[in-house]
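Summary of the model geometry
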Amino acid sequence: ENHIPVGLGTDTGCPYITHYDMWREVYYFQKYLGVSNAFALYTATCRNAEIAGLADVGTVEVGKCADLLVTDRDPLDDLTALRVPYLVMARGHLVEKPGVKKYPEVEKALDRLL
């Protein structure tokens, strides 16, 4: 509303905050602030890069570094699609069906906020 740039992150390092839950931050940002899915994704990627002063990341363009996450559904329609990526391209390496160790008790507690 006041055009103050906001970035998204997970504060990983705190108890029960996980590296794999960045998708939740994007989802909560959309849900609780009422922004569009597109703006939430922009904030987590391009806006974060702008705030950090990283001109060579944040968007997919010729000459930039790009890590990509591929889902089976369109996150512009439903941000929970980001929860289960089936393909990741990171630093030039392709990871099919990436898996992470998840904490079921944390997942259950946080899912109540969806």
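Being a predicted model, the structure only gives us computed values, none of them experimental. (Residues numbered from 1 in each chain as written. Predicted model: local features only at pLDDT ≥ 70, side-chain atom pairs only at ≥ 80, totals over all residues. Heavy atoms only, no water.)

The terminal C-alpha atoms of helix H1 (residues 22-33) lie 16 Å apart, and with 12 residues this matches the ideal 16 Å at 1.5 Å per residue to within 8%. For H1, the set of buried residues is Trp-23, Arg-24, Val-26, Tyr-27, Tyr-28 and Phe-29. Phi turns positive one or two residues past the end of H1, at Gly-34, with a value near 75°. (Helix = DSSP H or I, 4+ residues; strand = E, 2+ residues; numbered from the N terminus. Expected span 1.5 Å × (residues − 1). Buried < 20%, exposed > 50% of the residue type's maximum accessible area, 1.4 Å probe, protein only.)

To continue, consider the sheet that holds strand E3 (residues 93-96). Strand order in the open sheet formed by 3 strands is E1-E2-E3, with antiparallel pairing between adjacent strands. Edge positions in the open sheet fall to strand E1 (68-70) and E3, since each of these has one partner strand only. Direction aside, the axes of adjacent strands within the sheet are offset by 10° on average. Pairing between E1 and strand E2 (residues 87-90): 3 bridges, direction antiparallel. Residue pairing for E2: Leu-69 is matched across the bridge by Val-88. (Pairing = 2+ DSSP bridges. Axes fitted to C-alpha atoms, helices over the stretch in contact; angles between N-to-C directions.)

Here the focus is a nonpolar patch on the surface. A surface patch of nonpolar side chains, amounting to about 320 Å² of accessible area, comprises Tyr-32, Leu-33 and Leu-113. Structurally, the position occupied by Tyr-32 is in helix H1. (Patch = residues over 30% accessible without salt bridge, like charges linked within 9 Å, V, L, I, M, F, W, Y side chains within 5 Å. Areas by Shrake-Rupley, 256 points an atom, 1.4 Å probe, with all protein chains shown as cover. Salt bridge = Lys/Arg side-chain N within 4 Å of Asp/Glu carboxyl O.)

The next thing to look at is the pattern of salt bridges. Within the structure shown, the criterion is met by 9 salt bridges. Here Asp-21 makes a salt bridge to Arg-24, at a shortest N to O gap of 3.2 Å. As far as the burial class goes, Asp-21 and Arg-24 line up, both buried. Between Asp-111 and Arg-83 there is a salt bridge whose closest N-O contact spans 3.0 Å. Here the residue Asp-111 occupies a position in helix H3 (residues 104-111), and Arg-83 occupies one in the loop between E1 and E2, the gap between them amounting to 28 residues. With a relative accessible area of 28%, Asp-111 lands in the partly exposed category. Looking at Arg-83, the relative accessible area reads 21%, which means it is partly exposed.

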